[in-house]
Amino acid sequence: MDQEESVSVLEEKYSRRTFIKGVIATGATASSAGYLFRGSPLLGAATYQTATERLITLNVNGQERRVDVLPHETLAMTLRYKLGLTGTKLGCDRAECGACTVLIDGVSQYACSMLTHQVRGRSVGTIEGLEDADTGELSVVQRAVMEEGGFQCAFCAPGFIMAMTEMIEVNPNPTREEARLALSGNLCRCADYDKILTCAMRSAELARSV
Amino acid sequence: MAERLVGADIAPPDLHAKITGRARYAEDFRAPGMVFAKLLLSPMPHARVRRVDASRALAMEGVIDILRADEVPSRDGPREACLTDTPRYEGEPILAVAAVDEETAAAAIEAIEIDFEPLPFVIDPLESLRPGGPNAYVDGNQFSGQDGWSDFKWTDTDFANVDAGQMPDPSCPVDWTKGDPEAAFAESALVLEETIVHQSLTHHPMEPRSNMAYWEGETLHAFVSTQSSQQTKFALAGALQIDPENINLVSEYCGGGFGSKIAGTTVMQIPALLSRKINRPVMLRITRYEENYVGRARPGFQTWLKMGFLQDGKCNAIDLIIVQESGPYGAGDFNTAGMIADLTYTPQNMRFRGVSMYTNTPPKAAQRGPGGAQIISMMEPILEKAGRELGVDRFDIHRMNAPRGDVQFGPRNATLTSVHAVEALDQGREMFDWDAKLAISGQRNGSKVTGVGIGLSPYTAGSRGRDGMMIIRPDGKLYVHQGIGNLGTHSIADTARPAAEVLGYNWEDVEIVWGNSARAYPRSTVQAGSQTTTAHTRANHAAATDALRKIREVAAQALGGSPSDYSVGSGRVSGPGGAMTLGRIAERAIAMGGEYSGEVLPEDVHAQTVPAAQMLSGEGLMGIARDNYGGQGNIYSWVAGFAMVELDEETGVVELKEYVGVTDCGTVIHPRNLGAQVFGGSIQGMGMAMTQRWVFDPQWGVPFANRFYTARPPGFLDIPAKLKWGAVGIPDPQDPVGAKGIGEPPVGAGAAALTSAIADAMGGRCVCRTPLTPDILLAEIEGRPMYGRLEQHVG
């Protein structure tokens, strides 16, 4: 990937403009309200009757899930409050920390800054989907983290593990420096970076030996 | 022979849940009919609410109710209530709204008409010390329980000195002297005088302090983010004025606290009170933006330091004045800072003066190494400056001033249980290859200059006298009940290891019980002050020793012979009469009752332990005891940090190249996790020294730096590429296990190694201000200091 391409990919992945464009495209107002949770069943059916709100189908961890989604609802809120997938964490609400990192078609994205409507027809991968659904066997990244005893408070762990899952696909044989760059979109306030990097390197090693 | 557990790398038992998304932090809990709360935050730093009209908000569809300040427990004086009509900082919660979803609650907040009367405010504590300067409270700027409010000011003469860049001679509420500093300074070969500013900075754990609560009759179920667990239940009960036994406190995982969630948080009262009012479960989700306000911060210092040295580099006198930026509700850092300066440099002659000033900034709390981290990060480069001026090797000046085992420090000549700071320095020198690094100090590569520096940092690391409680059930397993918190230090598991060794258990047969007060905890420490490792290895050791005695007695009773003839290991007890599994022993203990099954408890366990033990009694063989091992002196750990940086003189950017941290923390229980604590704490210190600025608009008193990207903690690209850690590994002689805590000392070591290395890259010039952001360094390099020498909160 040359420099120019990588910049445009990053912009596509992370820019706030893309997020706001998405909000506008779905007919909602771009405001901080997008970061909040709306749509309690307690409010009754009235909530869901405006023109832009709709029942959509999402592909999450390989399963088709039907869900009511508001036009400006973020993927993180849908996952956490409508699909019961609380493994995806909210650390900052707006693309600063990476705790909510999920994989969209295998590419790591901040679920706090992506609208649920943007992922229709795409595959969404969360931390809950990494284990083998039948055997409960851990993914190579999860195995590596178990072996190396990664993370302290681990609030950042789901996001980092998703970013590592992408990293070993994109670059199966990273140097420590490359791994550091690949994971630099995620913040660990305990600053367990050295051990996280060791986990990332071990993940790649395990993936190569599979 | 059972496996050796102390000193082994064993992943904590909760790791699987953490990496599969199953671990539930406070915001991950749900309850049927759960509604959402949103806070109205004060838009100004000091005000009085004159009028609130919530009628439009309450009429909105989906809005349930509002909670006002007069409905929550109020606090007199400079003490915090969870909601207030007299906000003392921008962002203080005024009221809360409950609605069926968060967005409706937020819309309702917008629809509330609220009228504030703005009041005078102060952001920079020095301004409040000036004659005629503003105060953070209407009634004054100092408070005592006996005398109430007073107005404390320095004199015009003091400020004439301050403004002229001289050290003032002010009166201060805290003022202690040991030895004869004046006479000692007269004998000094070198006297350095500096004025220093250390910023305040927000803790910002990854998990904001979201929490949820509901009631079942008189019982409160609280799902909270807290560093501690057993103690948090009592703190919450105290705040809400309810019986602690009516709280079921769930705190399975905490996404970091660093001192900001010690016995829970003030905002955790809000869902509890709102839920009681509306009779529904209430979730209060705290955003990162809100966390900046309600999430606590380290107090900043404005400091004058005079430090005297003999010709050989020995520090012989210190005169230290600290003005602390304490926010509206106070903090104690400055007192600790004075003690730690005396401990680290052993001057024998010292005067310390300090004043804690209330300010209208977000509330302060202990932040990892409170007081110690600030003073060490500021004084270590000055110590190295003395080395340069006296022609003493910088390593040697650290080593000669570091305390030995006979040290006495502070106004009351405190002593230590053990101190191996010198050994930590020596080991670090070797691991870092100090002599070779010193040879490239000052080396230029284009516009980049290499600098190396050392930071030696102590902090308290233990307490005594807590209770341990464990039970061997008929399944043969050992259940260790841990009332400490689970905030990422792994101490819930690691402090059980010495107990498991006493009983010869294999680790797979040990179950850690934690996370929910219904599961019964003994009286525990708050998980703060790096106490836990010492306090609970001791308490669990005591309880395991009690269990061992009981196992032998039960075996002798069952099989014959004397208890002392029986040995225990790998889940069995064996002796002259034969062998039994510990599961069978547990069954017999239940049948025997009395002390064996916990129906009779030791008389000296804490009153808070008793109801918990009664919950478990009769379920197996109980080991329960107070830590009566005793000990004399304070328990302190140390980290010696060594850093190499490259400073780009054209941009002011500092790149961290290498860091070595070596600790004296006694017996090493979990090496890999110890390394993670040394690195993690050190890197937090580097963030404090380099990136996390606090900036306020002085005109309106509102913060500009209020998110991760404006007050940024270190990320993956900020940390040194090469990191190494080591441990002296000498057990503390006054302790059955020998382990001392490690949470806090690395922060000062990381920060100070960095501030020292940056000073070295600048040819020995100390900027004496944190954080050392590129713009500040560049201004210094170009000889155009950006700010007044002592201004706080400008960057």
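Residues numbered from 1 in each chain as written. Chains lettered and ligands numbered in written order. Predicted model: local features only at pLDDT ≥ 70, side-chain atom pairs only at ≥ 80, totals over all residues. Heavy atoms only, no water.

### Some thoughts on the domain arrangement of chain B
Residues and elements named next belong to chain B.
Move 1: With domains assigned, chain B is organised as domain 1 (22-119 + 211-284), domain 2 (371-461 + 634-781) and domain 3 (465-626).
Move 2: Between domain 1 and domain 3, the C-alpha centre-to-centre distance is 38 Å.
Move 3: Domain 1 puts 20 residues into the contact, and the matching count from domain 3 is 21 residues.
Move 4: Buried area between domain 1 and domain 3, both sides added, is near 1,600 Å², and the carbon and sulfur share of it is 47%.
Move 5: Three residues stand out in domain 1 for area buried against domain 3, namely Gln227, Gln230 and Gln231, and they jointly supply 34% of the buried area on that side.
Move 6: Taken together, the connections running from domain 1 to domain 3 amount to 1 salt bridge.
Move 7: Here arginine 519 and glutamate 252 are joined by a salt bridge, their closest N and O atoms 3.9 Å apart.
Move 8: At the level of secondary structure, the elements contributing two or more residues to the side of domain 1 that touches domain 3 comprise helix 7 (230-240) and strand 13 (247-250). (Domains from an automatic or database assignment. Contact = heavy atoms within 4.5 Å. Buried area = accessible area lost by both parts, 1.4 Å probe. Salt bridge = Lys/Arg side-chain N within 4 Å of Asp/Glu carboxyl O. Helix = DSSP H or I, 4+ residues; strand = E, 2+ residues; numbered from the N terminus.)

### Examining the state of the cysteines
All names here are of chain B.
Move 1: In this structure the tally under the stated criterion is 0 disulfides over all chains.
Move 2: Not engaged in a disulfide, the cysteine cysteine 768 finds its nearest cysteine sulfur in cysteine 766; these two sulfurs lie 5.0 Å apart.
Move 3: Overall, the relative accessible area of 11% leaves cysteine 768 in the buried class. (Disulfide = S-S within 2.5 Å. Buried < 20%, exposed > 50% of the residue type's maximum accessible area, 1.4 Å probe, protein only.)

### Thoughts on the packing of aromatic side chains
Two numbers describe a pair of aromatic rings. These are the distance of the centres and the angle of the planes.
Move 1: Within the structure shown, the criterion is met by 23 aromatic pairs over all chains.
Move 2: Considering the side-chain rings of Tyr81(A) and Phe36(B), the 5.4 Å spacing of their centres and the 65° angle between planes classify their relative orientation as edge-to-face. Here Phe36(B) lies in strand 1 (residues 35-41) and Tyr81(A) lies in helix 3 (residues 75-82), a pairing that spans two chains. Across the pair, exposure class does not vary: Tyr81(A) and Phe36(B) are buried alike.
Move 3: Ring plane angle 50° and centroid distance 5.8 Å describe the contact between Trp154(B) and Trp304(B), whose orientation is recorded as tilted. Residue Trp154(B) is located in the loop between strand 7 (148-150) and helix 5 (156-163), and its partner Trp304(B) is located in strand 16 (residues 300-309); the two are separated by 150 residues in the primary sequence.
Move 4: Assessed through its relative accessible area of 1%, Trp304(B) is described here as buried.
Move 5: Lying across the ring of Tyr479(B), Arg473(B) places its NZ or CZ 5.2 Å from the centre. (Phe/Tyr/Trp six-rings, centres within 6.5 Å; stacked < 30°, edge-to-face > 60°. Lys NZ or Arg CZ within 6 Å of the ring centre and 35° of its normal.)

### What about the sheet that holds strand 2 (residues 63-69) of chain A?
Residues and elements named next belong to chain A.
Move 1: Reading across the sheet, the 5 strands line up as 2-1-5-3-4 and stay open at both edges, with mixed pairing between neighbours. Both edges of this open sheet fall to strand 2 and strand 4 (107-110), since each of them pairs with a single strand only. With direction set aside, neighbouring strand axes in the sheet form an average angle of 40°.
Move 2: Bridging between strand 3 (residues 101-104) and strand 5 (residues 123-125) involves 2 bridges; their strand directions are antiparallel. Looking at strand 5, one finds that leucine 103 is bridged to glycine 125.
Move 3: The strands that helix 3 touches are strand 1 (54-60), strand 2, strand 3 and strand 5; relative to strand 2, the one it contacts most, it runs at about 105°. (Pairing = 2+ DSSP bridges. Axes fitted to C-alpha atoms, helices over the stretch in contact; angles between N-to-C directions.)

### Thoughts on unusual backbone geometry
Residue and element names in this part refer to chain B.
Move 1: Cis geometry is adopted by the peptide bond preceding proline 771, which originates at threonine 770 and carries an omega value of -5°.
Move 2: Relative to the elements of secondary structure, proline 771 occurs in the loop between helix 21 (745-761) and helix 22 (774-781).
Move 3: Look at histidine 204: it is not a glycine, yet its phi comes out positive at around 50°.
Move 4: For histidine 204, the position within the fold is in the loop between strand 10 (201-202) and strand 11 (211-216).
Move 5: The class of histidine 204 is buried, set by a relative accessible area of 0%.
Move 6: Not every positive phi belongs to a glycine, and aspartate 433 is a case in point at roughly 60°.

### Looking at the environment of Arg693(B)
All names here are of chain B.
Move 1: Looking at the element boundaries, arginine 693 is found in the loop between helix 20 (671-690) and strand 30 (696-697).
Move 2: Exposure remark for arginine 693: the relative accessible area of 18% places this residue in the buried category.
Move 3: Each C-alpha atom, one on arginine 693 and one on valine 794, is 8.3 Å from the other, the two residues being 101 residues apart in sequence.
Move 4: Within the local environment of arginine 693, its side chain forms a polar contact with the side chain of threonine 773, the two groups lying 2.8 Å apart. (Polar contact = N/O pair within 3.5 Å; in protein donor to acceptor, adjacent residues only side chain to side chain.)

### Things to note about the packing of helix 11 (residues 372-390) of chain B against helix 21 of chain B
All names here are of chain B.
Move 1: With their axes 8 Å apart at the nearest point, helix 11 and helix 21 run at an angle of 35° to one another. Seen along the crossing, helix 11 lies across helix 21 with a hand that is right-handed. Where helix 11 approaches helix 21, its residues Ala373, Ile376, Ser377, Glu380, Pro381, Glu384 and Arg388 are matched on the opposing element by Val747, Gly748, Ala751, Ala752, Thr755, Ser756, Ala759 and Asp760.
Move 2: Residue composition of the contact of helix 11 with helix 21, by class: 7 nonpolar, 4 polar and 4 charged. (Left-handed = near helix turned anticlockwise from the far one by under 90°. Nonpolar A, V, L, I, M, F, W, Y, C, P; charged D, E, K, R; others polar.)

### Observations concerning helix 4 (residues 140-148) of chain A
Move 1: Taken residue by residue, helix 4 of chain A has Val140(A), Val141(A), Gln142(A), Ala144(A) and Val145(A) as its buried positions.
Move 2: Turning to helix 4 of chain A, the residues buried within the fold contact helix 5 (157-170) and helix 7 (193-209) of chain A together with helix 1 (15-20) of chain B.
Move 3: Two residues or fewer past helix 4 of chain A, Gly149(A) is found with a positive phi of approximately 60°.

### Some remarks on the interface of chain B and chain A
Move 1: Residue-level contacts link 65 residues of chain B with 60 residues of chain A.
Move 2: When chain B packs against chain A, the two sides together hide about 5,200 Å² of surface, and 59% of this comes from carbon and sulfur.
Move 3: Salt-bridge contacts for Glu27(B) lead to Arg80(A); the nearest nitrogen and oxygen are separated by 3.1 Å.
Move 4: Within the residue set of the side of chain B that touches chain A, elements represented by two or more residues are helix 1, strand 1, helix 3 (102-111) and helix 20 of chain B.
Move 5: Looking at the side of chain B that touches chain A element by element, the count peaks at 7 residues for helix 20 of chain B.
Move 6: A breakdown of the residues in the side of chain B that touches chain A according to their chemical character gives 30 nonpolar, 19 polar and 16 charged.

### A look at the packing of helix 7 of chain B against helix 8 (residues 269-278) of chain B
Residue and element names in this part refer to chain B.
Move 1: Between helix 7 and helix 8, the least distance of the axes is 11 Å, while the angle of their chain directions is 55°. Viewed along their axes, helix 7 and helix 8 adopt a mutual orientation that is oblique. Here the hand of the crossing between helix 7 and helix 8 comes out right-handed. Residues Leu236, Ala239 and Leu240 of helix 7 form the contact with helix 8, whose participating residues are Gln269, Ala272 and Leu273.
Move 2: Within the contact of helix 7 with helix 8, the residues separate by chemical class into 5 nonpolar, 1 polar and no charged. (Parallel < 35°, antiparallel > 145°, perpendicular 65-115°, else oblique.)

### A word on the environment of Val145(A)
Move 1: Residue placement: Val145(A) occurs in helix 4.
Move 2: With a relative accessible area of 0%, Val145(A) lands in the buried category.
Move 3: Note: C-alpha distance between Val145(A) and Arg180(A) (35 residues apart in sequence) is 16 Å.
Move 4: If sequence neighbours within four positions are ignored, Val145(A) has contacts with Gly150(A), Phe151(A), Ile161(A), Cys199(A), Leu15(B) and Ile19(B).

### What about the nonpolar core?
Across soluble globular proteins, nonpolar side chains show a tendency to be buried alongside one another.
Move 1: One finds Phe151(A) and Phe160(A) to be the most contacted residues of the largest nonpolar core, which totals 118 residues.
Move 2: When residues no more than four places from it in sequence are discounted, the contact partners of Phe160(A) are Phe151(A), Leu183(A), Asn186(A), Leu187(A), Cys188(A), Tyr193(A), Ile196(A) and Phe716(B).
Move 3: In terms of nonpolar packing, the next biggest core, distinct from the first, is built from 60 residues, Leu343(B), Leu390(B), Phe432(B) and Ala759(B) among them. (Core = buried A, V, L, I, M, F, W, Y, C linked by side-chain atoms within 4.5 Å.)

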